[in-house]
Amino acid sequence: MSKHIYWRSAFFLLGIVILALGVALTVKANMIGVGSWDVLHIGLTNTFGLTIGTWSIIVGLIILAIDSMFMKQLPKIGTFLDMFLTGIFIDIFNFLLPTVDGFFPQLIAFCVGLLLLGFGCGMYIVANLGVGPRDTLMLLFTNKLGWSVGKARTIMEVTVAIVGFLLGGPIGIGTVIMSFGLGPIVQWALSINEKLFYTITGTESSVYN
């Protein structure tokens, strides 16, 4: 088996762990505001119970069902792994991380979480083993409409934030920052990780192929 699959697996798993840690940090910084998708997940948790990670998985399954009908093909196995592992690790980190009190500690937690979330997303996308449901939708926009990753991600984040707010989810200045800031961070992380992957393996990641 090629060594490339080992490195792809490493990028994939480490990226998911970093992403989930970033999500958990932003959730802990509830005074600042959470990401667009977590506005929805937290609203569902407060209304129906279950955990944020569980709702992340359920919403992901719904998106995959819609995406599969549109594309007329089943997602890669990595997409399902991403969906379940991300939800599980979000709940693990939410349990392990302490409560963050005070505005400035929460501001730091939010900023670090935002950077980790974007970097982890870019890292596991580069592995090209299948991306999560939300990023499958993002890449669909980039491939079919010719949008940049930053533009696609930003439009997705803003739209979901509005829908989540209308459903009663929490929203704050951090939600606005993440809606417009996450896309460029993912774009930057993709560039960095593509170069890193090429340096290690000598081959391109073929994310857009």
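Parameters at a glance
Residues numbered from 1 in each chain as written. Predicted model: local features only at pLDDT ≥ 70, side-chain atom pairs only at ≥ 80, totals over all residues. Heavy atoms only, no water. Helix = DSSP H or I, 4+ residues; strand = E, 2+ residues; numbered from the N terminus. Rg over C-alpha atoms; globule rule 2.2 N^0.38 Å. Buried < 20%, exposed > 50% of the residue type's maximum accessible area, 1.4 Å probe, protein only. Contact = heavy atoms within 4.5 Å. Areas by Shrake-Rupley, 256 points an atom, 1.4 Å probe, with all protein chains shown as cover. Lys, Arg positive; Asp, Glu negative; His and termini not counted. Charge placed at Lys NZ, Arg CZ, Asp CG, Glu CD. Axes fitted to C-alpha atoms, helices over the stretch in contact; angles between N-to-C directions. Parallel < 35°, antiparallel > 145°, perpendicular 65-115°, else oblique. Left-handed = near helix turned anticlockwise from the far one by under 90°. Nonpolar A, V, L, I, M, F, W, Y, C, P; charged D, E, K, R; others polar. Expected span 1.5 Å × (residues − 1). Core = buried A, V, L, I, M, F, W, Y, C linked by side-chain atoms within 4.5 Å. Arc of directions from axis to C-beta.

### Details of the overall build of the chain
Part 1 of the argument: On a plain count of helices and strands, the chain comes out with eight helices and zero strands.
Part 2 of the argument: Element order for the chain, N to C, with α for helix and β for strand: α-α-α-α-α-α-α-α.
Part 3 of the argument: Computed over the C-alpha atoms, the radius of gyration of the chain is 16 Å, within 12% of the 17 Å expected from 2.2 N^0.38 for a compact globule of 209 residues.
Part 4 of the argument: Based on the C-alpha atoms only, the size of the chain along its principal axes is roughly 50 × 35 × 30 Å.
Part 5 of the argument: When each of the 209 residues of the chain is scored for burial, the buried share is 50%.
Part 6 of the argument: Look at the contacts in the chain between residues 6 or more apart in sequence, and 76% of them connect residues 24 or more apart.
Part 7 of the argument: Working note: accessible area of the chain is about 10100 Å², and carbon and sulfur atoms make up 74% of it.
Part 8 of the argument: The centroid of the 10 positive side-chain charges in the chain is displaced by 9 Å from the centroid of its 9 negative side-chain charges.

### A word on the packing of helix α5 (residues 103–126) against helix α8 (residues 173–201)
Part 1 of the argument: Put simply, α5 and α8 touch, their axes get as near as 7 Å, and they point 45° apart. Viewed along their axes, α5 and α8 adopt a mutual orientation that is oblique. Like other packed secondary-structure pairs, α5 and α8 cross with a definite hand, here right-handed.
Part 2 of the argument: A per-class count over the contact of α5 with α8 returns 19 nonpolar, four polar and one charged.

### A look at the environment of G33
Part 1 of the argument: Looking at the element boundaries, G33 is found in the loop between α1 (3–28) and α2 (36–48).
Part 2 of the argument: Not counting the four nearest positions on each side in its chain, G33 is found in contact with T26, F110, G172, G174 and T175.

### What to know about helix α6 (residues 133–145)
Part 1 of the argument: Between its first and last C-alpha atoms α6 spans 18 Å; for 13 residues at 1.5 Å apiece the expected length is 18 Å, and the two agree.
Part 2 of the argument: Taken together, the buried positions of α6 are P133, R134, D135, T136, M138, L139, L140 and T142.
Part 3 of the argument: Backbone geometry just downstream of α6 places G146 in the positive-phi region, at approximately 75°.

### Digging into the packing of α6 against helix α7 (residues 149–166)
Part 1 of the argument: It is the contact of α6 with α7, at a shortest axis distance of 9 Å, that shows an interaxial angle of 125°. Judged by the inter-axis angle, α6 sits oblique to α7. Here the hand of the crossing between α6 and α7 comes out right-handed. Residues R134, D135, L137, M138, F141 and T142 of α6 lie in contact with α7, whose contacting residues are V149, A152, R153 and M156.
Part 2 of the argument: Partitioned by chemical class, the residues of the contact of α6 with α7 number six nonpolar, one polar and three charged.

### Looking at the nonpolar core
Part 1 of the argument: Ranked by size, the top nonpolar core spans 46 residues in total, and within it Y124 and M138 carry the most contacts.
Part 2 of the argument: Taken together, the elements giving at least two residues each to this core come down to α1, α2, α3 (52–71), α4 (77–96), α5, α6, α7 and α8.
Part 3 of the argument: Among the elements that line this core, the one with the most residues is α1, at ten residues.

### Some remarks on the environment of L19
Part 1 of the argument: Relative to the helices and strands, L19 resides in helix α1.
Part 2 of the argument: When the C-alpha positions of L19 and G150 are compared, they lie 17 Å apart, and in sequence the two are 131 residues distant.
Part 3 of the argument: Here L19 is in contact with T86, L116, L117, G120, C121 and Y124, once residues within four sequence places are set aside.

### Brief notes about the side chain of T45
Part 1 of the argument: Inspection of the secondary structure assignment puts T45 in helix α2.
Part 2 of the argument: If sequence neighbours within four positions are ignored, T45 has contacts with L50, T51, I52 and W55.

### Observations concerning α4
Part 1 of the argument: Along its 20 residues, α4 runs 28 Å from first to last C-alpha, staying within 8% of the 28 Å computed at 1.5 Å per residue.
Part 2 of the argument: Three or more residues of α4 are buried, namely G78, T79, D82, M83, T86, G87, I90, F93 and N94. The buried residues of α4 all sit within an arc of 165° when viewed along its axis, so they share a single face. When the buried face of α4 is taken as reference, the exposed residues oriented beyond 90 degrees from it are I77, F95 and L96.

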